[in-house]
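Read off the chains here:
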Amino acid sequence: MRPTVSATRAGRLLAVALSGLLLLAACSSSGAGTGATGSDKPVQGGTLTAAVDTEPVSWDIHASTQDVTAEIQRQVFDSLVSQDSKGKFHPWLATRWEVADDYRSYTFHLRDDVTFSDGTRFDAAAVKANFDHIVAKSTKSLYAASLLGPYTGTKVIDAHTAKVTFSKPFAPFLQAASTTYLGFYSPKALAANAGKLAAGGPADVGSGPFVFTSYTKGQSAVLTRNPKYHWAPSTAAHNGPAHLDKLVIRFLPTASVRSGALTSGQVQVAKAVPPQNVPTIKATSGLSLISRQAPGGNYNLWLNGSIAPLDDQRVREAIQRGINIGQDVKTVTFGQFPRAWSPISPTTPNYDKSLEGSWPYDPKLSAKLLDEAGWTGRDAQGYRTKNGERLTVDWPGLSIQATREGRDVLAQAIQADLKKIGVEVEHPNVDLGTYDTQVYGGKADFVDLSWPRFSPDVLWLFLNSEDSAAKGGINATFVKDADLDKWTEAGRRTLDAKVHADVYTKVQQRAIDLALVVPLYTQVSLVGKSDTVHGLTFDASNWLTYYDAWLGSK
């Protein structure tokens with residue numbers, strides 16, 4: 001058993017193993033290096049209104065795969081531990097913990113003064129109830145279940161001690177346990193309203209600094225201060241109730257409307273500032289821009305290597321090298337988002353910088369590869385054919401996220417690039433049910449995903465065959481590769497820095513070499529805010545947190 005991690009030494013042992021690996025880029029523009037903005041003299045009260053570009057499909061943190069769900073619900077739900085911007089772990093609902101030498105069990109010693117907003121006490125039974133809920137088939141969890149890895153159960157040692165066990169070594173668990181997705185509902189709410197959690201509102205009962213008061217679909221979500229809150233993690237700037245009385249989240253998917261709401265003062269914070277509006281925000285008196293690269297999975301195009309025509313590596317590589325990614329991304333994002341070279345971003349631990357520039361745009365190579373693959377014919381529209389069949393790939397888009405970060409425009413550029421080498425890309429926007437059928441049924445050729453997480457273990461989610469979309473995971477390549485499985489599993493068995501540097505570098509390189517992925521761009525949080533907003537922070541996953549935020553003078 002590894003030594004106890006106390007409240008004063010929280011995460012130190014694991015942090016030593018991670019030292020030198022976990023480095024998060026600091027904020028640029030008006031943001032401080034810690035991710036915080038504003039003065040240090042908080043004012044109590046007031047309502048802060050923020051605008052976001054995407055509305056959650058589901059509010060259930062245990063079932064949703066959306067980052068917007070986790071970001072908003074972070075204000076309502078607490079976690080066992082907190083992770084700082086350097087990757088160190090700190091006490092939150094757990095005051096200390098022990099990790100087994102083989103990483104197959106974690107014993108958490110819990111605070112004894114935490115209550116959910118419905119008055120139910122937080123204890124070891126609540127930990128068990130929530131983790132068991134995540135893996136229950138009825139929950140239909142995708143991402144949260146993946147974060148729990150090879151979970152076998154939670155043993156209630158006593159009221160304030162919980163032992164979480166796994167069937168095999170699972171070193172990334174503390175990082176996973178710090179995320180919103182493994183946050184805690186009131187056991188009373190789980191028992192009474194499990195079927196209503198996705199709908200949001202008062203049924204979503206947590207122990208966080210805000211209470212989910214109401215939700216109006218297509219308009220807004222309202223969170224109000226939890227006056228009894230006094231168990232903030234040590235990574236927060238203060239303890240006790242939040243400074244704000246109320247937080248209103250408005251759903252404004254149209255970029256111009258969202259930016260206009262900020263510049264007109266209708267909202268004080270606007271997420272996903274359109275890149276073309278960045279100069280305007282910076283030049284507007286009383287407004288500031290915060291920007292920071294996101295850790296985790298880049299915005300990637302994943303190629304399904306299990307079905308024709310992408311079961312031929314030559315076709316996949318032709319597509320990978322036939323997209324003018326640098327120019328397309330620069331044009332669509334006005335230079336605000338960097339072109340990606342790896343499946344993971346530069347702010348993710350163990351990012352392989354050597355991949356930069358290693359697979360440039362090369363339409364001549366694409367043409368050669370497609371010729372070798374037998375796609376030598378051309379039809380009247382200029383698309384390649386083989387045996388009378390057009391070279392066509394299917395890329396279903398999710399309607400509710402089509403315009404996010406200009407991805408619809410980028411998709412058009414990609415379609416145009418690939419048409420030049422003779423590949424037809426069908427990219428219809430579909431509803432959620434159709435999307436799930438196509439993607440998780442293995443019928444889609446392309447799947448576009450971005451996945452924020454401050455851990456290289458996100459590569460396991462993307463590339464290990466055990467996390468196949470067919471099994472409810474997010475590996476949309478549908479390829480079982482012995483090396484990718486071996487290396488991503490090896491990364492989960494230890495926190496040894498040398499092992500991580502070795503295996504995660506190999507994973508990134510092999511994913512590119514097999515042309516299973518076309519990294520497009522690294523997401524950058526572009527947040528516009530009024531200068532009256534202070535104390536706004538990013539967490540380790542690059543999500544805004546409003547617990548320390550307050551409203552004051554400019």
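Residues numbered from 1 in each chain as written. Predicted model: local features only at pLDDT ≥ 70, side-chain atom pairs only at ≥ 80, totals over all residues. Heavy atoms only, no water.

A.B. asks: Before we move on, can you summarise the environment of R74 with the specific residues and values?
C.D. replies: Looking at where R74 falls in the secondary structure, it is placed in the loop between α2 (67-73) and β3 (81-83). For the pair formed by R74 and Y181, sequence separation is 107 residues and the distance between their alpha carbons is 8.9 Å. Contact partners of R74, with chain neighbours within four places excluded, come to S79, W92, S178, T179, T180, D539 and T545. Within polar-contact distance, the side chain of R74 engages the backbone oxygen of F77 at 2.8 Å. Within the structure, R74 has its side chain in polar contact with the side chain of S79 (distance 2.8 Å). (Helix = DSSP H or I, 4+ residues; strand = E, 2+ residues; numbered from the N terminus. Contact = heavy atoms within 4.5 Å. Polar contact = N/O pair within 3.5 Å; in protein donor to acceptor, adjacent residues only side chain to side chain.)

A.B. asks: Which residues make up the sheet that holds strand β23 (residues 517-521), and what are the values?
C.D. replies: The strands making up a sheet associate through hydrogen bonds between their backbones, and the pairing can be parallel or antiparallel. Spatially, β22-β14-β23 is the arrangement adopted by the three strands of the open sheet, whose pairing is antiparallel. Two strands close off the open sheet at either side, each with one partner strand: β22 (446-452) and β23. The sheet shows a mean angle of 30° between the axes of neighbouring strands, direction not considered. The pairing of strand β14 (residues 296-303) with β22 spans six bridges and is classified as antiparallel. When the sheet's bridge partners are listed, W302 is paired in β22 with V447. Contacts between helix α12 (residues 407-420) and the sheet are confined to β14, β22 and β23, with β23 contributing the most and set at about 130° to the helix. (Pairing = 2+ DSSP bridges. Axes fitted to C-alpha atoms, helices over the stretch in contact; angles between N-to-C directions.)

A.B. asks: So what's going on with the nonpolar core? Residues and values would help.
C.D. replies: Soluble globular proteins: nonpolar side chains tend toward being buried together. If you look at the biggest cluster of nonpolar residues, it comprises 154 residues, and the most contacted ones within it are L80, F108, F122, F131, F173, F446 and Y546. At six residues, helix α14 (residues 458-463) tops the list of elements feeding residues into this core. Setting aside its immediate chain neighbours within four residues, F122 contacts L80, L93, L110, R111, V114, T115, F116, V127 and F184. (Core = buried A, V, L, I, M, F, W, Y, C linked by side-chain atoms within 4.5 Å. Buried < 20%, exposed > 50% of the residue type's maximum accessible area, 1.4 Å probe, protein only.)

A.B. asks: Explain the packing of aromatic side chains to me, using residue names and the numbers behind them.
C.D. replies: One pass over the structure, following the stated rule, counts 27 aromatic pairs. Consider the rings of F337 and Y521, whose centres lie 5.2 Å apart with planes at 50°: the pair is tilted. In this pair, F337 is assigned in the loop between α10 (325-333) and α11 (363-372) and Y521 in strand β23, connecting sequence segments 184 residues apart. By relative accessible area, F337 is classed as buried at 6%. With a relative accessible area of 1%, Y521 lands in the buried category. Above the ring of W341, the side-chain terminus of R339 is found at 3.3 Å from the ring centroid. (Phe/Tyr/Trp six-rings, centres within 6.5 Å; stacked < 30°, edge-to-face > 60°. Lys NZ or Arg CZ within 6 Å of the ring centre and 35° of its normal.)

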